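# Results of the structural survey
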Amino acid sequence: MSGPATGTFTGSSTGTELDVVHPDGSITLHGTLLFTGSINGRSGTLLLSYEGIGNAVTGHETLRFVGREGTGDLAGIYANVTAEGDVGAPSPGCYASGAGNYTGQYLFAPKSIK
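Residues numbered from 1 in each chain as written. Predicted model: local features only at pLDDT ≥ 70, side-chain atom pairs only at ≥ 80, totals over all residues. Heavy atoms only, no water.

### Points about the overall build of the chain
Quick note on the threshold: Starting at the N terminus, helices and strands are each numbered in turn, a helix being any DSSP run of H or I of at least four residues and a strand any DSSP run of E of at least two. Contact criterion: two residues are considered in contact whenever any of their non-hydrogen atoms come within 4.5 Å of each other. Note on areas: Shrake-Rupley, 1.4 Å probe, and residue coverage restricted to the protein chains presented here.
Scanning the chain from terminus to terminus reveals zero helices and seven strands. For the chain, restricting intrachain contacts to residue pairs at least 6 apart in sequence, the fraction spanning at least 24 positions comes to 39%. Taken as a whole, the chain presents about 7300 Å² of accessible surface, with 57% of it coming from carbon and sulfur.

Okay, structure coming up:
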């Protein structure tokens, strides 16, 4: 899984995802992404773990992300994000494409004073 992000999160991500498709067409998703880019103007990388649900018939998915273990200006960040969107047709270099929106909160831990 990989792709661009725009908005508060600006950059790209790459990762892996495990999808379990159930007989009723529902999908359970679990994955990990490494985001490289910026969040509100601060640059670095951020490790995101997520889980969610989807529908094999409609292609609609809702995912919940938790991000920690940032590097660079993203060190000390904690992110809690919900993404919702639809999976589409394959695109070059990818088995599926998709588009959607995300909302959430992020918090930068205070820097320690030495």
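### Points about the pairing of strand E3 (residues 26–39)
The following threshold applies: For two strands to be treated as a pair, DSSP must find at least two bridges joining them.
One ladder, built from 13 bridges, connects strand E2 (residues 9–21) with E3; its direction is antiparallel. Directly across from Thr10, in E3, lies its bridge partner Ser38. Hairpin connection, E2 to E3: the antiparallel pair is bridged by four residues, and Gly25 has positive phi, about 95 degrees. Bridge analysis of E3 against strand E4 (residues 42–55) gives 14 bridges, and the strand direction is antiparallel. Bridge assignment links Gly31 to a residue of E4, and that residue is Tyr50. Connecting E3 to the next strand, E4, in antiparallel fashion are two residues, including Asn40 with a positive phi near 50 degrees.

### What to know about the pairing of strand E5 (residues 60–68)
We apply this condition: A 1.4 Å probe rolled over the protein chains alone gives each residue an accessible area, and that area as a share of the maximum for its type sets the label: buried under 20%, exposed over 50%, partly exposed in between.
Across the two faces of E5 the burial differs, with Glu61, Leu63, Phe65 and Gly67 buried and His60, Thr62, Arg64, Val66 and Arg68 not buried at all. Pairing of E4 with E5, which is carried by eight bridges, proceeds in the antiparallel orientation. Bridge pairing in E5 places Glu51 opposite Arg64. Once E4 ends, the chain turns through four residues before running back antiparallel as E5, passing Gly59 with a positive phi of about 80 degrees. Pairing geometry for E5 and strand E6 (residues 77–88), over eight bridges, is antiparallel. Bridge pairing in E6 links His60 to Asp86.

### A closer look at the side chain of Thr45
Put simply, the rule is: Here a polar contact is recorded for every N or O atom pair within 3.5 Å, except that within protein the pair must consist of a potential hydrogen donor and a potential acceptor, and residues adjacent in sequence are included only if both atoms are side-chain atoms.
By the element assignment, Thr45 lies in strand E4. Polar side-chain contacts of Thr45 include one of 2.5 Å to the side chain of Thr71. If we ignore the near neighbours within four places in the chain, the residues touching Thr45 are Leu34, Phe35, Thr36, Glu69, Gly70, Thr71 and Leu74.

### Observations concerning the packing of aromatic side chains
Under the convention used in this document: Note on aromatic pairs: the rings of Phe, Tyr and Trp (six-membered ring only in Trp) are paired at centre separations within 6.5 Å, and the planes decide the class, stacked below 30 degrees, edge-to-face beyond 60, tilted for the rest. Definition used: whenever NZ (Lys) or CZ (Arg) falls within 6 Å of the ring centre and also within 35 degrees of the ring normal, the charge is taken to sit over that ring.
Tallying each qualifying case throughout the model produces three aromatic pairs. With a centroid separation of 4.8 Å and an interplanar angle of 35 degrees, the aromatic rings of Tyr50 and Phe65 are classed as tilted. Separated by 15 residues along the polypeptide, Tyr50 in strand E4 and Phe65 in strand E5 bring together distant segments of the chain. Accessibility assignment for this pair places Tyr50 and Phe65 in one class, buried. Residues Tyr106 and Phe108 carry aromatic rings whose centres are separated by 5.8 Å and whose planes lie at 80 degrees to one another, so their mutual orientation is edge-to-face. On the basis of relative accessible area, Tyr106 is assigned to the partly exposed category, the value being 30%. The exposure class assigned to Phe108 is buried, which follows from its relative accessible area of 18%. For the cation-ring pair, Arg42 lies above Phe108, with the distance from its terminal atom to the ring centre recorded as 3.8 Å.

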